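# What the coordinates show
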Amino acid sequence: MTQAKDEIKIGGLGASRKRVEDNRFIRGKGRYVDDIVLPGMLHMEILRSPLAHARIVSIDTSKAWAIPGVRLVLTGEMMATRNLAWMPTLSYDTQAVLATDKVRFQGQEVACVVADDPYIAKDACEAIVVEYEALPVIVNPTQAVAQGAPLIRDDKDNQHDNVIYNWEVGDKEATDRAFAQADRVSKLELHYPRSHPSPIECCGSIADFDRSTSKLTVYMTSQAPHVIRAAVALVSELPEHMIRIISPDLGGGFGNKVPIYPGYVMSILASILLERPVKWIEDKTGNLISTGFARDVYLKGELALRNDGKILGVRMHTDADHGAFFSDAQPSKFKIGLMHSAFSCYDIPAAHLTAQGVYTNKAPGGVAYRCSFRVTEAMYFQERMVQAAADDLGMDQAEFRRRNFVRDDDFPHRTPFGFLTDSGQYGKCLDVGLEAIGYADFLREKEEAKKRGRLLGIGISTMTEPLGAGNSREYDILGMKMFDSAQLRVHMTGKAILRTGAKTQGQGHETTWAQIVAHELGMPAEDILVEEGDTDNTPFGLGTYASRSTPVAGAAVAMVSRKIRAKARKIAAHLLEVSEEDIEWELGRFYIRSSPERGVSIQECAMAAYSNMPDGMEPGLENVAYYDPPNLTWPFACYIATVEVDPVTGVWDVLRVVAVDDCGVRINPMVVEGQIMGGLTEAYAMASMQFITFDAQGNCVGSNYMDYLLPTAWETPGYELHEVVTPCPHHPIGAKGIGECATVGGPAAFVNAVMDALKGTGVRNIDMPLLPDRVYEALTKRHDVSGAPPVKTDD
Ligand code: MCN
Ligand code: CUM
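Residues numbered from 1 in each chain as written. Chains lettered and ligands numbered in written order. Predicted model: local features only at pLDDT ≥ 70, side-chain atom pairs only at ≥ 80, totals over all residues. Heavy atoms only, no water.

The next point concerns the overall build of the protein chain. For the protein chain, the count of helices and strands is 19 helices and 35 strands. Projected onto its principal axes, the C-alpha coordinates of the protein chain cover approximately 85 × 75 × 50 Å. If you take every contact in the protein chain between residues at least 6 apart in sequence, the share linking residues at least 24 apart comes to 79%. Element-wise, carbon and sulfur atoms account for 51% of the exposed surface of the protein chain, whose accessible area totals about 28,600 Å². Across the protein chain, the centroid of the 80 positively charged side chains sits 2 Å from that of the 104 negatively charged ones. (Helix = DSSP H or I, 4+ residues; strand = E, 2+ residues; numbered from the N terminus. Contact = heavy atoms within 4.5 Å. Areas by Shrake-Rupley, 256 points an atom, 1.4 Å probe, with all protein chains shown as cover. Lys, Arg positive; Asp, Glu negative; His and termini not counted. Charge placed at Lys NZ, Arg CZ, Asp CG, Glu CD.)

Following this line, the structure appears as structure tokens:
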């Protein structure tokens, strides 16, 4: 007799199953792009521009060609003969693969060398002589739109200034009316500085074109291999079925590995020209100065307030610095990503957002780094504005939020900018957080401390964020609709292989997807192998970013499992010799309703699918599901930090951090907690120490880990995690995304805490990172401190 399975024991939903991928990672057995060595493989290195804006007068490659072991030297001029000097970006712009006319940012790709080993290639790059004629440099949006500003994109026919777009959303008239009725208006100006995902593994690719089969195989650090395959097919004129993109193990992505970079394109062309595999591995500085920047957005925000604390309306204007090419990977419709998800957790009658995007002489970027398309900026701006408004009204931070929250019985709720949120318990999350931090006690302690000259502060950040694009009606990238997929093949002996269109970079999909199958089919999670990242062997999907894997691919995993179960039910009826209607399901087992002791396990059904199927049934137990979600998922988070600021030095220490996350049903609580802790650490890093900016000449300050700091265990504060569960009403297992919540909501908690400590000094804002000298300047000079470039440098 078979028995229903204990879900936690078999590693199903809610089991804190150890991550199966860690078996190989902690043994040093991960297989990353750079671990792959192909016969006859050559190595590519890139020569980058030292200047931020300059005309290229000449490039002399003769000395490089003369170095023994050099196989190919590519310049923009040579790329142009193949129509590949420029490539399309994921935001309908163009980006130089190798510069032809001008260089437009420091670190831009100017030439590349392919050689027998990477050292020869590097030496040969240094032997290339480039003559530049320097041009005036633009490093911020104000300079970009100033009278007489040099035109950065003179390569584009209809581009007469440095503006990329003007975009707006919301109801201007209604918002104007709300402001006219307001008792007071609270204003704030902020800059969310550039930051960088800086995964441990940089970007890289190995292109392997085989002339005999006409097949192009590319091993690539990509979070979205299927999108890359389609893009390569469209640009290269190679047929799509002859392109195979393989993303092996990734040493973190964090958004850095979504876009298409020139290095990938050059390695592909080099392999086609040389008919040899060509490997390109970016170095750390190359990674930091040229790929995958995030943020760099300015905000002018206004809240229309009633004296009782009700927010009547919100106005936001953002200026986004996109660098020299508009290369954001984001849904086509939304020029400033999902910035308009701001204020979604608050019940605000009217809102209007305008956005302008500009070119500057900086590396392209914007949307990357745990952001779900600019949601990171949206929530930072939101929560800084909310704190400033509460202070302006003289109201308690927590009470002001509570008064404006969307209530539990108000769902579905239309947000001020038009999204539809469907579930949440915002007040409860806040209560859990306040209770955990001991809010009232801390406020008393703070007042006491103040009398003795100590500056304590508490910062709250509450937000709901949209994770998991699509639906496909509204979300597409370059016309590719956003949905995802899963394919499940159950073998004869009841073991299975699951493949999805997503691509894990460290999030643990190999562990958690198997748990969804275990939940749906009652097979032990350890019997399910999960594979992702090889476009030849996985169903089409849009990849992993915007925390879309659980909301979309994860849903597809549940749906394909249900298809398998439906077929297994027919087989069970056949085995039990009853009609299908008489069959009941419990975890891992079908049984006869009228005699529950007579049943068959899912494994027995699997065996029968290959050995004893009913007459007329197609053999095998295999299926695929494509999933187009009806809506985004809307997790909620409440992060609270307490700090102490040293008034003598401006140094601030984190005392405690409390996090309350509601990501719906948790597949693997341990993995979720890992996501939250990692995200909070990134939030703390951005708030406190990460500094990547530019001087007036466009030199990137922060191009190495001496200047751009990653927090170690030593600096990282401890976190106290709490959970609230509001299942997602439309997701098959009730899950919402979690991968970015803490990075998105975290920064405002830290900054708000420091600003709270400075309350009463008249300082409204210090831009991130809150370096001690900035805090000190604000404290002593009693003015706001901006972190916008250009920074002063010593020379
Ligand atoms: N999960 C869960 N229960 C939920 C939600 C999620 O158990 N209710 C699990 C999932 O099964 C998955 C993990 O948590 O194993 C993250 O799931 P999800 O929120 O769906 O996010 P994605 O898998 O789509 O990951 C993307 C997200 C993004 S966009 C960035 S950026 C980021 C992040 O994940 N990059 C990361 N977290 C990262 N973590 C690591 N280690 N490395 C990165 O590069
Ligand atoms: Cu925008 S970083 Mo994640 O979405 O890959």
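Here we take up the site of ligand 2. Neighbouring residues of ligand 2: Q223, F254, G255, A368, Y369, R370, C371, S372, Y545, A546 and E740. The side chain of E740 places a nitrogen or oxygen atom 2.8 Å from an oxygen atom of ligand 2. Within the shell around ligand 2, the residues separate by chemical class into six nonpolar, three polar and two charged. (Near = heavy atom within 4 Å. Polar contact = N/O pair within 3.5 Å; in protein donor to acceptor, adjacent residues only side chain to side chain. Nonpolar A, V, L, I, M, F, W, Y, C, P; charged D, E, K, R; others polar.)

A few words now on the environment of A324. Relative to the helices and strands, A324 resides in the loop between β16 (311–321) and β17 (350–358). The exposure class of A324 is buried, given its relative accessible area of 0%. Residues A324 and V578, 254 residues apart in the sequence, show an inter-C-alpha distance of 68 Å. (Buried < 20%, exposed > 50% of the residue type's maximum accessible area, 1.4 Å probe, protein only.)

What follows covers the pattern of salt bridges. Throughout the structure, instances matching the rule amount to 58 salt bridges. With its nearest N and O atoms 3.3 Å apart, the salt bridge here joins D154 to K102. Placement of D154 in the loop between α5 (141–145) and β9 (163–170) and of K102 in strand β6 (residues 102–103) is noted, with a sequence separation of 52 residues between them. Looking at D154, the relative accessible area reads 35%, which means it is partly exposed. The closest approach of N and O atoms between R401 and E383, which form a salt bridge, is 2.7 Å. With R401 in helix α11 (residues 397–404) and E383 in helix α10 (residues 375–393), this residue pair connects regions lying 18 residues apart in the sequence. (Salt bridge = Lys/Arg side-chain N within 4 Å of Asp/Glu carboxyl O.)

This brings us to the sheet that holds strand β8 (residues 129–134). Across the sheet, which stays open at both edges, the three strands sit in the order β6-β2-β8 with antiparallel pairing between neighbours. Edge positions in the open sheet fall to β6 and β8, since each of these has one partner strand only. With six bridges joining them, strand β2 (residues 54–60) and β8 adopt antiparallel strand pairing. What sits directly across from A54, in β8, is A134. (Pairing = 2+ DSSP bridges.)

Moving on, we come to the coordination of the copper atom of ligand 2. In this structure, the copper atom of ligand 2 receives exactly one donor atom from the protein: C371 (SG), at 2.0 Å. Inspection of the secondary structure puts C371 in the loop between β18 (365–366) and α10. (Donors = N, O, S within 2.8 Å, 3.2 Å for Na, K, Ca; no water.)

Before going further, it helps to examine helix α18 (residues 741–757). Between its first and last C-alpha, α18 extends 25 Å over 17 residues, near the 24 Å set by a 1.5 Å rise per residue. The element α18 is largely enclosed, with a buried count of 17 among its 17 residues. (Expected span 1.5 Å × (residues − 1).)

Time to look at unusual backbone geometry. Note that the residue after F411, namely P412, is joined by a cis bond; omega there is -5°. Among the structural elements, P412 can be located in the loop between α11 and β19 (413–414). Residue P769 is reached from M768 by a cis peptide bond, and omega for that bond is -10°. In this model, S198 sits at a positive phi of 30°, which is unusual for a non-glycine residue. Within the secondary structure, S198 is located in the loop between β10 (184–195) and β11 (204–210). With phi around 65°, R295 is a residue other than glycine that occupies positive phi space. Turning to its location among the elements, R295 is positioned in strand β15 (residues 293–305). Judged by relative accessible area, R295 falls into the buried class, the value being 1%.

The next point concerns the nonpolar core. Formed by 171 residues in total, the largest nonpolar core has its most connected members in F343, V645 and W652. The residues touching V645, leaving out its near neighbours within four places in the chain, are L455, V651, W652, V754, A757, L758, V775 and L779. One finds L521, A558, A608 and I733 within the second-largest nonpolar core, a separate group that totals 48 residues. (Core = buried A, V, L, I, M, F, W, Y, C linked by side-chain atoms within 4.5 Å.)

The next thing to look at is the side chain of N140. Relative to the assigned elements, N140 resides in the loop between β8 and α5. By relative accessible area, which is 9% here, N140 ends up buried. Here the side chain of N140 touches T142 through a polar contact of 3.1 Å, landing on its backbone nitrogen. Polar side-chain contacts of N140 include one of 2.8 Å to the backbone nitrogen of Q143. Other than its neighbours up to four places away in sequence, N140 contacts Y298, D321, T360, P789 and P790.

Orientation of helix α14 (residues 509–521) relative to helix α15 (residues 549–576), taken along the N-to-C sense of each, is 35°, at an axis distance of 9 Å. Read as a crossing pair, α14 and α15 show a hand that is right-handed. Side by side, α14 and α15 meet where H509, W513, I516, V517, E520 and L521 of the first sit next to S549, T550, A553, G554, V557, A558, S561, R562, I564 and R565 of the second. Here the residues of the contact of α14 with α15 are counted per class, giving eight nonpolar, five polar and three charged. (Axes fitted to C-alpha atoms, helices over the stretch in contact; angles between N-to-C directions. Left-handed = near helix turned anticlockwise from the far one by under 90°.)

Our focus in this paragraph is the site of ligand 1. Around ligand 1, the structure places 34 residues, and the nearest of them are G253, H509, S549, T550 and Q675. Backbone polar atom of G506 to a nitrogen atom of ligand 1: 3.1 Å apart, as the coordinates give it. A distance of 3.2 Å is found between a nitrogen atom of ligand 1 and a backbone nitrogen or oxygen belonging to C663. In the complex, the protein chains occlude 96% of the 840 Å² of accessible area that ligand 1 would expose alone. Of all the secondary structure elements, the ones that give two or more residues to the shell around ligand 1 are α14, α15 and α17 (669–688). Here the residues of the shell around ligand 1 sort into twelve nonpolar, 17 polar and five charged.

On to the environment of L353, then. Within the element layout of this structure, L353 appears in strand β17. Discounting residues that sit within four places of it in the chain, L353 has contacts with W167, E168, V169, M316, I336, M339 and F417.

The next subject is the pairing of strand β28 (residues 589–592). Burial of the side chains of β28 extends over both faces: R589 and Y591 are buried on one face and F590 and I592 on the other. Taken together, the four bridges between strand β27 (residues 583–586) and β28 define a ladder with antiparallel strand orientation. Looking at β28, one finds that I583 is bridged to I592. Linking two consecutive strands that pair antiparallel, namely β27 and β28, is a turn of two residues; a positive phi of about 85° is found at G588 within it. Looking at chain direction, β28 and strand β29 (residues 595–601) are connected through four bridges and run antiparallel. If you follow F590 over to β29, its bridge partner there is V600.

Structural measurements only, silent on function.
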